[in-house]
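What follows is the residue order along each chain.
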Amino acid sequence: MRWLATEDRTLLFVAIAKDTSPTNTSIFLEAIRSKFVVLYPQAGKTKESVDFNAEYLRILSVVSTLSVKTNDKAHNDSDIDCLLENNKIWVQQMKGQDEFYFARLGIGQKPAYLYIGCSDSRVPANQILGLPAGEVFVHRNVGNLMPVSDINSLSVVEYAVEVLDVKHIMVAGHYNCGAVNAAMQKRDWGLVECWIRNIRDVYKTHRQELDSIVDSDDRSRRLVELSVIEQCLNLYKCGVIQRKRLASGADPNSFKHPRIHALVFDPCVGVLKKLPVCFDEERRQYSHIYNLTSSTFEALSTSADHRDSQVRP
């Protein structure tokens, strides 16, 4: 039992005030306060202890009665106006923490990481990595895929590797992925089916292992992991990756990069984990097919791999 914390109240107030069209922050907050007092006058006056879960459920019931109005007004700009007000608040907060924050952002970016993740709204790259703006270059698409024929993904990778000189590339999938679950169904998904088929192809490659998993949820989780691994292998096929790794591996003052990492995020617990996979064997097995360099550079690459493993485990 406790009184709602300020941040808890604010979140719930925003939900309750969805049918308002505020023109500025003060009016917005006043509308929120007035609605809360009308709904819960005893709490507003006495600030007595309130069970958070019970309070939350009661407020949800009120929000549901307002949702129809909100949906009817979906074409209005009031929701966007709220976001713009949020932006102003955020700007002031950041300036309060560091007055030179935006001055540094304006100079340019030099991130060490490229993050390739899913477009799912539950998986925001910077937040789950604990990195501020400017520290990670981000590319997101449905299913966190890296098809070697997709000009969008390839453009991001080339810019990250050639211009930004990122040292690490992370392919991050997540459990309960809609794209992965869709690929496990016998259904034509229309235009997006051309994209989802990349995940079906991953299933085909690993069908014996996946078909042996009885539980559908467990099968989906494993397909998420296998798809991430396949996207990492696709990165190794890219000429821009191979060229950069060869050049950096030959530099005695550097280490071979970009390094490629297979990650999976679990939205149920908030944990991002690295999959225990070594890509060396796969690369050796198919190097005669996908290697785009000469034999001279192949030998150089092998020695650089050995040196790098001694210095940076």
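What counts and how
- Residues numbered from 1 in each chain as written.
- Predicted model: local features only at pLDDT ≥ 70, side-chain atom pairs only at ≥ 80, totals over all residues.
- Heavy atoms only, no water.
- Helix = DSSP H or I, 4+ residues; strand = E, 2+ residues; numbered from the N terminus.
- Polar contact = N/O pair within 3.5 Å; in protein donor to acceptor, adjacent residues only side chain to side chain.
- Contact = heavy atoms within 4.5 Å.
- Core = buried A, V, L, I, M, F, W, Y, C linked by side-chain atoms within 4.5 Å.
- Buried < 20%, exposed > 50% of the residue type's maximum accessible area, 1.4 Å probe, protein only.
- 1 Å grid on protein atoms, 1.4 Å probe; cavity = no way out; pocket = protein on both sides within 12 Å on 5 of 7 lines; lining within 4 Å.
- Points joined across faces, edges and corners; volume = space filled by probe spheres on them.
- Nonpolar A, V, L, I, M, F, W, Y, C, P; charged D, E, K, R; others polar.
- Axes fitted to C-alpha atoms, helices over the stretch in contact; angles between N-to-C directions.
- Parallel < 35°, antiparallel > 145°, perpendicular 65-115°, else oblique.
- Salt bridge = Lys/Arg side-chain N within 4 Å of Asp/Glu carboxyl O.
- Expected span 1.5 Å × (residues − 1).

Enquirer: Just checking my understanding: could you explain the side chain of His 261 for this structure?
Expert: When you line up the elements, His 261 lands in strand β4 (residues 259-266). A polar atom in the side chain of His 261 sits 2.8 Å from the side chain of His 168. Each residue touching His 261, except ones within four places of it in the same chain, is listed here: His 168, Ile 169, Met 170, Val 171, Cys 232 and Lys 274.

Enquirer: Sorry if this is basic, but what is going on with the nonpolar core here?
Expert: For soluble globular proteins, the rule of thumb is that nonpolar side chains tend to be buried together. Counting 43 residues, the largest nonpolar core has Leu 114, Ile 116, Val 157, Ile 169, Leu 235 and Ile 241 as its most contacted members. Counting residues per element, the ones that place at least two in this core are β1 (113-118), α8 (151-163), β3 (168-174), α9 (178-183), α10 (193-205), α12 (216-237), α13 (239-249) and β4. Here this core gets nine residues from one element, more than from any other, and that element is α12. Excluding residues within four positions of it along the chain, Leu 114 makes contact with Phe 137, Val 156, Val 157, Ala 160, Val 166, His 168, Ile 169 and Met 170.

Enquirer: I keep staring at the environment of Trp 189 and nothing clicks. Help me out?
Expert: With respect to the secondary-structure elements, Trp 189 resides in the loop between α9 and α10. Residue class for Trp 189 comes out partly exposed when judged on its relative accessible area of 24%. If sequence neighbours within four positions are ignored, Trp 189 has contacts with Ala 182 and Arg 200. Polar contacts involving the side chain of Trp 189 include one to the main-chain carbonyl oxygen of Ala 182, which spans 3.0 Å.

Enquirer: Would you take a moment to explain empty space enclosed by the protein for this structure?
Expert: By rolling a water-sized probe across the atoms, one finds the places where empty space is left. Summed over all chains, the structure comprises two cavities of 30 Å³ or more. Within this model, the second largest cavity holds a volume of roughly 30 Å³. Every residue lining the second largest cavity is listed: Gly 143, Asn 144, Gly 173, His 174, Cys 177, Val 180, Val 224, Ser 227 and Val 228. Broken down by secondary-structure element, the contributors of at least two residues to the lining of the second largest cavity are β3 and α12. A per-element tally of the lining of the second largest cavity places α12 first, with three residues. Residues belonging to the lining of the second largest cavity are distributed by class as follows: four nonpolar, five polar and no charged.

Enquirer: I would appreciate a short explanation of the packing of α10 against α12 in the present structure.
Expert: A pair of packed helices is characterised by two quantities: the angle between their axes and the separation of those axes. Running from N to C, α10 and α12 cross one another at 100°; their axes reach a closest spacing of 9 Å. With respect to their mutual orientation, α10 and α12 come out roughly perpendicular. Facing Ile 199, Val 202, Tyr 203 and Thr 205 of α10, the residues of α12 in contact are Arg 219, Leu 223, Leu 226, Ser 227, Glu 230 and Gln 231. Its residues placed into classes, the contact of α10 with α12 shows five nonpolar, three polar and two charged.

Enquirer: Mind showing me how you'd approach the pattern of salt bridges here?
Expert: Where side chains of opposite charge bring their charged atoms close, a pairing between them can arise. Within the structure shown, the criterion is met by 12 salt bridges. We note a salt bridge from Asp 165 to Lys 244, for which the minimum N-O separation is 3.4 Å. Of this pair, Asp 165 sits in the loop between α8 and β3 while Lys 244 sits in helix α13, and the two are 79 residues apart along the sequence. For Asp 165, a relative accessible area of 21% puts it in the partly exposed group. By relative accessible area, Lys 244 is classed as buried at 18%. Ionic contacts of the salt-bridge type, sharing partners, join the residues Glu 209, Arg 222, Glu 225 and Lys 273 into one network.

Enquirer: So what exactly am I meant to see when it comes to α10 here?
Expert: Every α-helix carries 3.6 residues per turn, so stepping three or four residues along brings you back to the same face. The end-to-end C-alpha distance of α10 is 18 Å, a good match for the 18 Å that 13 residues give at a rise of 1.5 Å each. Buried within α10 are the following residues: Glu 193, Trp 195, Ile 196, Ile 199, Val 202 and Tyr 203. Buried residues belonging to α10 abut β2 (136-141), α9, α11 (207-211) and α12.

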